[in-house]
Amino acid sequence: MYRQGSLYFKEVILIDIYAAAKAYEALLEQQYEFLIVRNRTTPKISLTLCFEKADFHHLCGLHKLTDLTQMRTENRTMIYDKIIKGTYSNDYFCRSKKCNAILDRVQCVERLQDILDCKNTTFKFNDKVNSHSKIQADFIIKNEHLTPDLRYYYFISELKNSNGQYFGCSCFSRTKTEKDYTNGHTTYTILYKERVHISKGEKTVLYIAPSYDRERKEEESPDLSCIF
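Residues numbered from 1 in each chain as written. Predicted model: local features only at pLDDT ≥ 70, side-chain atom pairs only at ≥ 80, totals over all residues. Heavy atoms only, no water.

(A) Fine view of the environment of serine 157. Along the polypeptide, serine 157 turns up in strand 7 (residues 150-158). For the pair serine 157 and isoleucine 83, spaced 74 residues apart in sequence, the C-alpha separation works out to 25 Å. In this structure the side chain of serine 157 is engaged in a polar contact, spanning 3.3 Å, whose partner is the backbone oxygen of glutamine 136. (Helix = DSSP H or I, 4+ residues; strand = E, 2+ residues; numbered from the N terminus. Polar contact = N/O pair within 3.5 Å; in protein donor to acceptor, adjacent residues only side chain to side chain.)

(B) Geometry of the packing of aromatic side chains. Enumeration according to the criterion identifies 17 aromatic pairs in this entry. Consider the rings of tyrosine 24 and phenylalanine 56, whose centres lie 5.5 Å apart with planes at 55°: the pair is tilted. Of the two residues, tyrosine 24 sits in helix 1 (residues 17-27) while phenylalanine 56 sits in helix 2 (residues 53-59), which places them 32 residues apart along the sequence. Judged by its relative accessible area of 0%, tyrosine 24 falls in the buried class. Phenylalanine 56 gets classed as buried once you look at its relative accessible area, which sits at 1%. Counting every residue linked through ring pairs, the aromatic cluster contains Tyr24, Tyr32, Phe51, Phe56 and Tyr80. When the ring centre of phenylalanine 139 is taken as reference, the NZ or CZ atom of lysine 124 above it lies at 5.2 Å. (Phe/Tyr/Trp six-rings, centres within 6.5 Å; stacked < 30°, edge-to-face > 60°. Buried < 20%, exposed > 50% of the residue type's maximum accessible area, 1.4 Å probe, protein only. Lys NZ or Arg CZ within 6 Å of the ring centre and 35° of its normal.)

(C) Structural detail: the pattern of salt bridges. Per the stated rule, a full pass over the model turns up eleven salt bridges. We note a salt bridge from aspartate 117 to arginine 195, for which the minimum N-O separation is 3.1 Å. Placement of aspartate 117 in helix 7 (residues 112-117) and of arginine 195 in strand 9 (residues 186-197) is noted, with a sequence separation of 78 residues between them. Since its relative accessible area comes to 16%, arginine 195 is described here as buried. Overlapping salt bridges, with partners in common, bring together Lys142, Glu144, Arg151 and Asp180 in one network. (Salt bridge = Lys/Arg side-chain N within 4 Å of Asp/Glu carboxyl O.)

Purely geometric stuff here, so don't read any function into it on its own.
The following block contains the structure:
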């Protein structure tokens with residue numbers, strides 16, 4: 001509530017779940033390939049980021065809307081489909097007394113492709129660093145270049161028996177005046193990053209580290225000195 005003169009007004013929380021769902025829909029046909037490394041003496045790690053309808057529910061924090069029965073009881077893929085169809089409208093989600101608690105998550109999902117396309121830093125997740133948090137993940141992808149005053153955090157976990165495939169398990173943003181959530185987690189360097197359109201087979205290279213680019217070119221160029 002806030003006061004204007006002698007009258008009180010209820011603060012209106014505007015949350016655009018539909019816009020987030022439409023933005024996420026574009027990612028369902030895509031995946032990201034990351035190649036990361038801790039340092040020169042450690043092996044390179046390949047990460048394939050995949051996107052499924054069911055993951056949208058947790059990424060947006062819809063499980064936190066406990067006063068909306070359907071968010072607790074319905075199949076998560078069905079919930080996503082109903083959002084896309086308009087069965088569950090933005091007005092429906094705004095009825096929840098807890099919708100303000102997920103606003104930054106929803107906005108993060110709405111900008112997720114931009115967050116991943118832009119310059120990132122990766123961190124090996126250490127669950128002992130933020131002991132108060134319930135997040136369980138393998139890596140954190142941080143973006144602090146997309147918006148001047150915000151840091152975006154995207155948490156990923158490896159799918160069981162997937163050999164390097166990861167899904168998003170949480171995301172949120174924090175202002176740059178707040179403590180950086182990645183403090184205490186181990187930094188990894190991104191050597192290579194590309195976005196792949198699955199059905200079309202199109203690849204868009206988003207980043208190549210200069211050192212890795214040189215390494216690749218040296219591997220592709222045969223050493224002809226030995227034949228002379």
